[in-house]
Structure formats: structure tokens, C-alpha cells
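Each chain is listed here by its residues.
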2 protein chains.
Amino acid sequence: MSAATGMKRAGAKVPVKTMARCALLVFASLLPAKAAPAAPARPVLPLMPYPSSVKLGVGEFAVNNGFGVVLRGYTEPRLERARRRFLAVLSRETGIPLRREAALNEPNFFIETTGPSAKPQRLGEDESYRLEVTPTAVHLRAANPLGILHGLQTFLQLVRVTPGGFSAPSVTIDDQPRFPWRGLMIDVSRHFMPVAAMERNLDGMEAVKLNVLHWHLSDYQGFRVESRRFPLLQQKGSDGLYYTQDQIRSVIAYARDRGIRVVPEFDVPGHATSWFVGYPQLASAPGPYQLERRFGIFDPAMDPTKESTYQFLDSFIGEMAGLFPDAYFHIGGDECNGKQWEANPRIRAFMRAHSMTTTAQLQAYFTGRVEKIVAAHGKIAEGWDEVLQPDTPRDVVIQSWRGAASLSDAARRGYRVLLSAGYYLDLNESAAEHYAVDPFAGNAASLTPQQKQSILGGEAAMWTEFVTPENIDNKIWPRAAAIAERLWSPESVTDPTSMYARLATVSRKLDAYGLQHHTSYPRMLRRMTGGSDPEPLRVLGDVMQPPELYARMRLGDYDVFTPLNRLVDAIPPESDTARNFLNLAETLASGKGTPEDWRKAEQSLAMWRDNDARLQPMLTRSQLTADLGPASTNLRNVAMSGLQAIGYLQRHRATPRAWRTSQLSFLKEAAKPQATLVDMIVPAVTQLVEATRPQ
Amino acid sequence: MSAATGMKRAGAKVPVKTMARCALLVFASLLPAKAAPAAPARPVLPLMPYPSSVKLGVGEFAVNNGFGVVLRGYTEPRLERARRRFLAVLSRETGIPLRREAALNEPNFFIETTGPSAKPQRLGEDESYRLEVTPTAVHLRAANPLGILHGLQTFLQLVRVTPGGFSAPSVTIDDQPRFPWRGLMIDVSRHFMPVAAMERNLDGMEAVKLNVLHWHLSDYQGFRVESRRFPLLQQKGSDGLYYTQDQIRSVIAYARDRGIRVVPEFDVPGHATSWFVGYPQLASAPGPYQLERRFGIFDPAMDPTKESTYQFLDSFIGEMAGLFPDAYFHIGGDECNGKQWEANPRIRAFMRAHSMTTTAQLQAYFTGRVEKIVAAHGKIAEGWDEVLQPDTPRDVVIQSWRGAASLSDAARRGYRVLLSAGYYLDLNESAAEHYAVDPFAGNAASLTPQQKQSILGGEAAMWTEFVTPENIDNKIWPRAAAIAERLWSPESVTDPTSMYARLATVSRKLDAYGLQHHTSYPRMLRRMTGGSDPEPLRVLGDVMQPPELYARMRLGDYDVFTPLNRLVDAIPPESDTARNFLNLAETLASGKGTPEDWRKAEQSLAMWRDNDARLQPMLTRSQLTADLGPASTNLRNVAMSGLQAIGYLQRHRATPRAWRTSQLSFLKEAAKPQATLVDMIVPAVTQLVEATRPQ
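All values derive from a computational prediction rather than experimental measurement. (Residues numbered from 1 in each chain as written. Chains lettered and ligands numbered in written order. Predicted model: local features only at pLDDT ≥ 70, side-chain atom pairs only at ≥ 80, totals over all residues. Heavy atoms only, no water.)

Enquirer: I'd love a proper account of the overall build of chain A, names of residues and values included.
Expert: Counting its secondary structure elements, chain A contains 26 helices and 18 strands. Against the globule reference of 26 Å for 695 residues, chain A gives a C-alpha radius of gyration of 27 Å, in line with a compact fold. If one aligns the C-alpha atoms of chain A with their principal axes, the spans along those axes are about 80 × 65 × 55 Å. Each of the 695 residues in chain A was classed as buried or not, and the buried ones make up 62%. Of all intrachain contacts in chain A linking residues separated by at least 6 positions in sequence, the fraction that spans at least 24 positions is 76%. Side-chain charges of chain A comprise 79 positive and 72 negative groups, with the mean position of each set lying 2 Å from the other. (Helix = DSSP H or I, 4+ residues; strand = E, 2+ residues; numbered from the N terminus. Rg over C-alpha atoms; globule rule 2.2 N^0.38 Å. Buried < 20%, exposed > 50% of the residue type's maximum accessible area, 1.4 Å probe, protein only. Contact = heavy atoms within 4.5 Å. Lys, Arg positive; Asp, Glu negative; His and termini not counted. Charge placed at Lys NZ, Arg CZ, Asp CG, Glu CD.)

Enquirer: Please set out the pairing of strand 11 (residues 261-268) of chain B residue by residue, giving values where relevant.
Expert: Residue and element names in this part refer to chain B. For strand 11, a buried count of eight out of eight residues is recorded, marking the element as mostly surrounded by other parts of the structure. The alternating pattern of strand 11 places Arg261, Val263, Glu265 and Asp267 and Val262, Pro264, Phe266 and Val268 on opposite faces, both of which are buried. Pairing geometry for strand 11 and strand 12 (residues 328-332), over two bridges, is parallel. Within strand 12, the residue paired with Glu265 across the bridge is His330. (Pairing = 2+ DSSP bridges.)

Enquirer: Talk me through unusual backbone geometry; I want residue IDs and the actual numbers.
Expert: Following Lys119(A), the chain continues into Pro120(A) via a peptide bond in cis, with omega recorded as -5 degrees. Each neighbour pair has its own omega, and for Met48(B) with Pro49(B) the value is 0 degrees, a cis peptide bond. Although it is not a glycine, His271(B) sits at a positive phi angle of roughly 50 degrees. Within the secondary structure layout, His271(B) lies in the loop between strand 11 and helix 7 (273-278). One non-glycine residue, Asn428(B), lies in the positive phi region at around 60 degrees. Here Asn428(B) is to be found in the loop between strand 15 (416-419) and helix 13 (431-435).

Enquirer: How would you explain the packing of helix 10 (residues 345-353) of chain A against helix 11 (residues 359-376) of chain A if you had to name every residue and give the values?
Expert: Residue and element names in this part refer to chain A. For the pair helix 10 and helix 11, interaxial distance at closest approach is 11 Å and the crossing angle is 85 degrees. Comparing their axes, helix 11 and helix 10 come out roughly perpendicular. Across the interface between the two elements, Ile347, Phe350 and Met351 from helix 10 touch Thr359, Leu362 and Tyr365 from helix 11. Here the contact of helix 10 with helix 11 is built from residues that sort into five nonpolar, one polar and no charged. (Axes fitted to C-alpha atoms, helices over the stretch in contact; angles between N-to-C directions. Parallel < 35°, antiparallel > 145°, perpendicular 65-115°, else oblique. Nonpolar A, V, L, I, M, F, W, Y, C, P; charged D, E, K, R; others polar.)

Enquirer: Summarise the confidence of the model for chain A; cite the residues concerned and give the values.
Expert: All names here are of chain A. For chain A, per-residue confidence averages 91 on the pLDDT scale, and residues scoring 70 or more make up 93% of the total. Long-range and interchain partners of residues 1-41, a stretch whose pLDDT sits below 50, account for 71 contacts in this model, where long-range means more than four residues apart. ipTM for the predicted complex: 0.88, alongside a pTM of 0.91. (pLDDT = per-residue confidence, 0-100.)

Enquirer: Please give an account of the interface of chain A and chain B that cites residues and values.
Expert: Residue-level contacts link 43 residues of chain A with 43 residues of chain B. Here chain A and chain B share two salt bridges between them. Taken together, the connections running from chain A to chain B amount to twelve residue pairs in polar contact (both at pLDDT 80 or more). Listing elements by their share of the side of chain A that touches chain B, those giving two or more residues are helix 2 (77-94), strand 6 (160-162), strand 7 (165-175) and helix 18 (520-529) of chain A. With five residues, the single largest contributor to the side of chain A that touches chain B is helix 18 of chain A. Split by residue class, the side of chain A that touches chain B holds twelve nonpolar, 18 polar and 13 charged. (Salt bridge = Lys/Arg side-chain N within 4 Å of Asp/Glu carboxyl O. Polar contact = N/O pair within 3.5 Å; in protein donor to acceptor, adjacent residues only side chain to side chain.)

Enquirer: Kindly report on the relation of the copies chain A and chain B, identifying the contributing residues and their values.
Expert: By a simple turn and slide, chain A fits onto chain B: the slide is 0.0 Å along the axis, the RMSD is 0.1 Å, and the turn is 180 degrees. Such a combination of rotation and displacement between the chain copies is what one expects of a two-fold axis. Judged by C-alpha distance, Thr519(A) is the residue of chain A that lies nearest the rotation axis, at 3.2 Å. (Least-squares fit on C-alpha atoms with pLDDT ≥ 70 in both.)

Enquirer: Tell me about the pattern of salt bridges, and name the residues and values.
Expert: Here the structure, examined in full by the defined rule, presents 78 salt bridges over all chains. For Glu491(A), the salt bridge goes to Arg178(A), with nearest N and O atoms at 3.6 Å. Of this pair, Glu491(A) sits in the loop between helix 16 (479-488) and helix 17 (496-509) while Arg178(A) sits in the loop between strand 7 and strand 8 (181-187), placing them 313 residues apart in sequence. In this structure, Asp303(B) and Arg346(B) form a salt bridge, with 2.8 Å as the shortest nitrogen-oxygen distance. Here Asp303(B) is found in the loop between helix 7 and helix 8 (307-323), whereas its partner Arg346(B) is found in helix 10 (residues 345-353), with 43 residues between them in sequence. When its relative accessible area of 0% is taken as the criterion, Asp303(B) is described as buried.

Enquirer: Break down the packing of helix 18 (residues 520-529) of chain B against helix 19 (residues 535-542) of chain B for me, with residues and values.
Expert: Residues and elements named next belong to chain B. With their axes 10 Å apart at the nearest point, helix 18 and helix 19 run at an angle of 125 degrees to one another. One finds that helix 18 runs oblique with respect to helix 19. The two elements helix 18 and helix 19 meet at a crossing, and its hand is right-handed. Contact residues: Tyr521, Leu525, Met528 and Thr529 in helix 18; Leu537, Arg538, Gly541 and Asp542 in helix 19. For the contact of helix 18 with helix 19, a count of residues per class yields four nonpolar, two polar and two charged. (Left-handed = near helix turned anticlockwise from the far one by under 90°.)

Shown next as C-alpha cells:
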């Protein structure tokens, strides 16, 4: 099966969009929102996700050495750890050495908790909180520690530097989530992520109130958990890259401290090659098996006809059910192509004997058996939308990845559902595109209120074909924060302009949590240039984006050993520079540009034009940049086209038709990926050329 | 005692140099080295410290996915850990996922070890290695693991990106250190450094072949080790910021893995206020005592007349001798001002009874007693140069900090000595200044070869009045690498131009070890601007330096709680931009500038001139930048002066005498610190103005 057809799993959107369309979508979403009668006031504080109720007061609460945070009411060690972690983040953010011992200062920040939350944390627990900030004191109140954890994060977002020092504005915030299940899925099979990388991202999740880590622990390319009952799973299925059970427990404890549930996924019956290296008898064709090194969809699948398969799974799931305390257990179930089943006479005979005519029916049989095993171990099964079959038990949670239609269909049939279609971070879409995807939109809009209740929320998904521990933060953050807001904030909070403004703030704040999305990019640039000043490379990288995932797959021959050390791996998935320039170009094209706007646009275009001459001599010195020449030239040419268009627009001169036609045709060509990179300035320059008046 | 007089300890150089002189020193050291007949060829590979013998071959050894590193001959777990760590660093540096399992690839990198090294590591062990790189294989050979560790670091420095990918040049290197004791002292009392910060810096030490961590664990401001015999030391003397004994053991093991000894320092009888908070009976005046929050020299000192003091120290040193395996044990001994002793009638009576006329004699008595205790616990005592008295036992190691004279004096008297004078990183001197300090120079030049043998080496010292876990990497690195080269490389390796070129490479490479000297600066800038684009602030910061330590002390009222979150805390101690511009100005002033040189200088000066207008509106928005206005204006004015000078020089026009006089007088004024910052462009512009031809 070719990579091009085998990528549904890794890239959820069908059909593949062209980059030009993609860019126009970004553009459209950035236009100021039309003022609808019921539109809420634009959020005024840099909070994300934006709370459900914000009432601004008068004055400021100063954050300085006199800060004294105390716990009142119900308490537990987790709350004391949260208090210290809160002070540590605030100290890193401000540079103020805040005293960790509450006794050292007069209390002026009161945390009041009514009672405990469940252990393990349960879906649908009360996560609400009230945060009152006045010039003299802060009161944070919640029914249980979950609300306290969220409220502390809101306060951290309120703090900023002013002429008077660090402070938070007086405000009263009442807040609770719109959806109870707000997840981030991380695939640690295609590229293993060490505990430190998981912890960093749990810190990021806490910051934006995501509350489920969906841990994709096994797939073709690796089995990442120590099993004591079946040790060949990790010994032969992981290249030595797996979590010990102690590490798993420590990550779960780390997550619980942050109000985050951990749902493990062991993907069966397909996506399971890594199991078969140690236990080939589980597969539907004889072994031996090797770990899969390529990406795509592959044939190996568990044998659903042998009782020994279910005995193995019963024992394995029993072990894992003890290791992972969460009530939910994800069994995958996606993209089993059935080819091994069709090729096996014994399995064909089994199908005939059970009156099955399609492999989908056989998979439904398998899924039913596995769901019973999961239930027997006290867990609720969850699966990708393929697991939804006529006989699927009603308590199974369906995770919709193939499109929003499957979400509403399942909800209509009475299943509880999660939306992931539209939230795939590996597709390199913009934050605005993810932000525009609402679980209640589309077909779901026609659901009854009760059916809507069964939409539990959604999950951002980070598949890791092109993601390593080095760049994972950069690929997840800050975009995941926009999805977090979609799942937490009121449905009416939708303005992408406001979202982007607040996203920039939260992104900067995540630095103080130790996330590396800002630091990995310059470090990778320095690696690429091998010591030369990476500035001209940064100028290029700042306006580039990786192509949409499928497109990259088609552009190269990748496997798990491919070094991910090129510009495409270093840059953020979304170019802030390009988005801002697109806004500027739109202003100019609409005739509303100020002289300062014209000057800024000209300066930027001249910089991009001139960058090529500085960059080209550097590129050939390093293998990691040798293929960037065409992209740099392309940027120069696009910038020159933009400068010409600006010249015509400024002088209000009509343009020769031939020039306009040739430019537009050049720009169409220039929008195609160069060296796996997309020049994000093209849509803006296209706007400018189109705005010129033809003769 | 005032801060101004109490800073000898924290700042070793006497007398205080003016910044103008300091800048000229930098300048002088950057002139191309005069070609002396015996001068060695300039180092051609970016290695630091430069090896004693380098023979270049032909061709390149490629570093790629096929890399296979194997251990041969003697082996031990530490070597296997070193192999894996080597692959991890190389993988982070290159972005290539190197397989950790040696079995996966054909071996092409052979590590051959003859036998074990001592445990604990001993002073003077064989650290030599031979590294042979050919296009097909690498052979690293050493008598024991210490040489292997050093050779692996040399190989890491050889690797760079080329048009053909990552590779190392063919070369044969024979290498061994010039001095057996190459240390870095870190003060964790004035500001506590968590284990993670210690580990990062141990990684940096390994990279440049430093082999002693001198851990300054107690002082006025904090006692940082858990004592089980005297738990009030850490309970009352640390604000909760101390290392548990398990953490100490783990840092020692971490250091041993990297070929680094750990020598603890417990500073007595002065610098000991933190002991007295829990145990006031140790002091020479009645308590109670509080932790000292200020910086300087203070009166409290241990009572040398009471037997109970020695009983306490005997028990305490016995406990610590078991915790720290190294043969050496540092007892401080510096800056005891004797005031508490003079004020205590009982102590005065003791002195009379023992025919002592000075408190120095009393301290000598105390030191002698403590040295015997240290020896009784099987350790060799080490002390700052004050411990050298007429009766000091011959095996005590003297650490010279007050000047090179004390080094040669002690060596002449037969003591083994270490040089720290000239290597104080907190003084904010340039790498070139430290680099120019040789243990065999000055008075030491006249020592006999045997006396020279007793110079064991030296130690860089990082006192932490103005250093936090956030900026410590930036204050130590890369300058400590220049000191490491002075202590490792042949005496003849002295060219500062070559040093700076190689320092830039090693500094960049340290990123892959996890050091944060490159990442803390931009992060701290973003904090200061509170989200605005920090670029104009960076332009200012890039040409600024912190003033020499004493000068900063005089400019503000600091204590351990002062937030260190200003520009002066964020910038590196040495401005690369300023140094490079000084070189350029020198070229122009000497009449040897190319048109490109003139253009570059003009561009830089125009940028600094124009930066002020962009920066000023930002500065007032944040308390952390509010005091930077004068520094920014100063930079603008200095740049304008430079532009005028360039105008005269380019047109070969004589300058009006009045202009020249007024400019030079302005520049003298402009060289003074503004808001604790020194404008490092001033010396360069002064060069340009002085180069103009007066009428």
C-alpha cells in the first residue's frame, strides 16, 4: 500500500486541500468578525481559554516579594504541591524570588477548597471556580481541587508587567468548562517521547485547562509500555525505547497533580505490528515480524478467530487495567485493511462459518469480544469511529476522526462521542482553522439537546511521523491552546482576531512552564548553518510553513530513522509573520492603508527580496540547507512581484494586462511547495496584485 | 562593614579597574598576535581546549545513521553510560536519530580502554588519550576511562555540518592536560542552585575537560547540605533550599561519570552565619542569629577558644568526609575580620594566655586545629590563601585568590597551590582577560621547575550575588571554556583571536548538552517587554555589558531577595557585538578598511542611532525597563558621534579641533555605567574619533 493512500490515519482530512485554498481559508478567518446582534463583547483580558464570566474591577493587585499564598478549608498534599508549583511558575515568569514558605509573608492570596475530588479523577466532575482579584487580596474558591487548579492557571495568565511592576487587574471571574472531556492525544509509537517531553506537555495542558492525556502507546512502529506478563512486547517491540511501569505511574501521578486524566490506547486489531515481533502467534499470517520502519497503513492484524488471541488480550488488558487507573480504555480499532484476513484460508472459513461476508463484520466481532474483556476488567472501552457497528455496546465512547458526520451519526444513535476530526495538529493547519471547528456545528447542529449531551468534547491529536522530542513542543504549541478554548469557553467565543491576540500571550507564558516551542526553532537553525549567523535563514523560515501532511509524504521517502533536522522540521506549523503580512496586504488592497502601512509592507518585501543574496552563499555550505535555494529564490521573486504591485497601487496607476496575467500565473506556480516548504507570503502578494487596476 | 569595603571576597581584583581601562585591555588582546619566532601554528580545528598534538589527515569520517560505537578492552558500566551519553549528545547536535544499540550497526568507532581508573577519582591520574579519525573508522584509545571521556568530547567538537552532511575530518590527536587540577567553583549559598543547574554545568565542564567541581556549600546566606548529625544546619540555615544527602550522592555520581571530582567547601571560621542560626553556641558572640540577607563581609565567626567548637566540627567533618569521597576537603578560611573575637573578653583573655597579639594568629591556631580534624578523617585540607601561616602543615593545598603573588610565595615555600586570582567569572571580565592569566606567569616565572610542579592548576570561580538558576549558565559559559583551555592546553597556545573563533563554536555546541546560556537571554528579554517584540531591547542589550562587580554593588541596594530580572541580569558578561565592532573600528582607524568594512560600520552605527526612537516608547511600559532610557539615549549619541567620525575619515577631511575635543570629552562621560550597564561601543567610537585628523 502506497504512502499516498495509506495516510488516512495520520491525516484525517479528506479530501486533501490544496495549499492555495488552505491559505485563503486562513485569510478569510482573519477578517474582522461581522457584528452579529448576539455577538458577545470581545474578550478584553489575555485569557485562554476565555472564562464564561469576566467582570472587570478597578485597580491592580501587585505581585511582588510580599506575595503570600495560603490554603484554607479542605486541603490535601496535591493542593500544597499546586501552591508551590504556582509560585515556581510565577517566579520563573517574573524573575521574582517568591518565598515558598507561606509563613514568611502576610497572606494575601487565599485558596479556599470545599472538599476532595474523586480518585481516580472522573469524567464530568465539577471543574468550576470563582476567582476574585482586588487591589488588596485574591480569593480563589472551588468545590474541589480541580477548580482550584484551573483558577490558579487563570491567575497566572492575568499577571503581566506594568510601569508599576508585575500585577493582576482587579476582576471577578466565574468559570466552568463547556465540555467535560478536553483531550490531547500524543502518539509515542512512531517517535518515542521520553518522560521529560510528556511532562512538559502535561504542564502545557494544565496551563490551558485540557484535562485528558490520550496516550497512544502502541502502533506498527513501536510498543512503548513495559508488560511484565508479556515482556517480549517491549523487549522486541520497542528498540529499547519504552516506559517502565514505574515511569507510567509517575506520569499518571504528574497528570493527576495537574487535573489531567490519562487514557491509554493500545491499538488493535490493526496498527499492531510491534506486538507481533515478540508474539507472532497473535497475527493473522505466520511470522517472523520486524518492527515497521516506514509510515502508512500495513496489512498485519491480530487473528480474531483464535481463542488464544482473546486469552492473551484478557491477560494483557488485565495487567494494563491495573496500571492505568482511569475508567476509560482506548482500544484503537482504526484502519484495519483486512488483507491478512482475506489471505488466510482458516480465517476465511471462520467468516463463512459465522455468515460474515465482509472483513468489517469480522472486525466488529473482534471489537465486541475485546469490549467485553475491557468491561470485565472494570473499564469502559473507547475506540476510533470504525468500532461503531450495529451491535456495539451503548457505553462505548466513539472518537470521531474521519469527519464530523460520524460524530453526529453516533450521537444520534445514542453513543457518547468525542470530536477529533478538525483537531489533527500534524496536518499543519492554522490555529484559526482548528478554532473554527465546533463539536455542535454541521450535522450536529440538528441534534436534540439530549443528543448534544452525549458529545463529551474533543481531542487534539499529535501524530508523530515528523515529530521528535526536539520539535514536539513546537508542533503542539501554541495551536493546541486554540482547541482548548473551543472545548472550554462558551460557544459564542469565536472571534479569530481576539483568539490570535490572546494566543500570542499564552504562547509566551508557556515559556515559564518549561515548554520549548520558542527555543527549539533558533537552536535548530544554528545547527543547520553550522555556526554561521542563522539570521538570513530565520528570515526565510519565518515566512515558510510545512506543507499539509499528505503533501510532505509525497515529497520524500521517510521512515522512522530519517533525521528530522531540516527547516521544515524547525519552523512552527503556522507562520505568524505571514499571517500578519496577509492582514497588512488586505488593508492595502482595500485602499485603507496608512502611510505607515505602506512603508511597513515595502520594508518587509524589500527585506525578503534582499535576503536571497545573503542566504544563497550560506545554503551550499551545509547539507541541511542545500535544497533551500529554490525556496529562497522563490521568496525573492514573490517579494519583487509584491513590490511592483505596491508601486502600481501607490501611484494609482493602471497595470498592463500582460503584467497582471503573468504575475498571477507566476504566483500560482510560486504557491507550490519548494523543498517541502510553502511560501506563505504568496497569498498576500496575490491579494496585492489582484487589487491593482488593469488597463 | 560597608558593601564597598566588604567585597574583596566576592571580587578578587584589587584595585578596581576603571571600565575604560578594561575596554582597552580587551582591545589590546584582540590585536593579531605578533609573530614570534617560536610561535606555534595557529590552531586550525575548532577544538577547545586545544590538544597538545594535532596531525591533520585527508578525507572525512561521515556521521550518519550507520554510526556504530563499540567498547573494547577493559570496560565498566560508566563507559557504557558514556557511550550512550555520547550518542545522545551527538544526536541532539545533529538531529540524527543514532541507534543506541551497538548491535544494530557495523562498528566503525572503536573505544579501547586499557584498565580502570581510581575510585574515587584521584588528583593526577592519567587523563591522556589518542584519537585517530580516518575516512573509514575512528579509534579512541586511553589507559583508563578518564582519557576516553576526554577523547569523546574532542570527537564531538570535531563534528560539523558540511555540504556532504555531518562529518569529522581525518586527524590524529595525542592529548593530555598541562595541569592536573582544572576546576570550577560554584557558590550555592548566596543563591541556591538546584540539582538540575548543577548537572547542566557538570555537562559543560565535561565538554571542556574541567575535572574538579569545587562546591561552595555554606556561607553567610545559606547552609546547603543536609546534616543528619546537626539537622538544624539545614533546617534553620537554608530557607528550605538545600541538598539532601541522596542528592549530594547523585551529583557526585553524575560528576564521576564525567571524569569530574567533587570537592566540598565548608567555609570557616568566618562566612559562617548560616551555621549559627541553628547553633548559636558556635559563634563568638551570643545569638540569636538570623540568616544574612545582604552581601558583603560580616563579623560573625566561630569561637576558636572553645573545645566544644572543635568537637562539633570533628563530628560534622566526620559526617561530611563520609558523604564526599574526594581526598580533598576545603575549609575556606577567608575574610574573617576578627571583630567578634576582639569584642569578646573571654577570647581576648585566651589570646593573651597563648601569647597571641593578632587575630590572624588566633585564626592560624583555629586553622591548625581544623586541619588536624580534617586529616584525622582521612582528608587533605584545602583553603583560601589566608590559611597559609607559618605553621601550616605542608600537605594543605592553598587556593590563591588575592593575587598571583600569593601563588608563587606559597609554591616557593613548598606548598601545593591553585590559582583562582584572574579567573573570577563574577567580575564580568572578558574571556581574553582570563585567557591571558597563566599560572606560570608573573612571579611564578622565576620558580624552579620543582616549585612549578607544585602549581596544581587553577579554578574558575562563580560567586552568585547576581546569579540565579536562570542566568548562571549565561554567566559561566562560554567564558569558562577559555580558562579550561589555559589549564589544559600547552602554554604556547595563547592567541586570543584564535581563542575567540573557537570559543564561538564550543559555545554553540554546548546547546546540545542542555546548557541554557543561549536561551535565557531572549526569554528574559520577552519577560521585560511583557509581550512586545523585544528586538529593539535586544539591539541595546547586545552592545551592553554589566559593569565590573564592585561597580554594580555601588549602584544599587541588593540582597538575596532582589529580583534579578533586569537587562543587566539577562545579557552575557561579554558583548560579542561590541568586540567585533571594536575590531572593525580598529581596521578603519588604521586606514585598512575595505568599502564593505565602511558600509558595515555605518550600518551598525545607524542601527544603534535609530534604535533609540523605537525603544524609548517601549521602555516606559514595563517597570523592568523603565530605567533604561538614559542608556538607550547614550547609545544613540555615541552612534551619532561615530557616524560623524566616519564621515570625516571617509572624506579624509580634517576635523575642527572643538568638535574633536567635545566628542572625546562626551565619550569619556558616555563610558560611565548607565542604569548598571556599560555601553561597550564607546571604546570603538573613541578609536574612530581619535583616528580623525585634527585641523
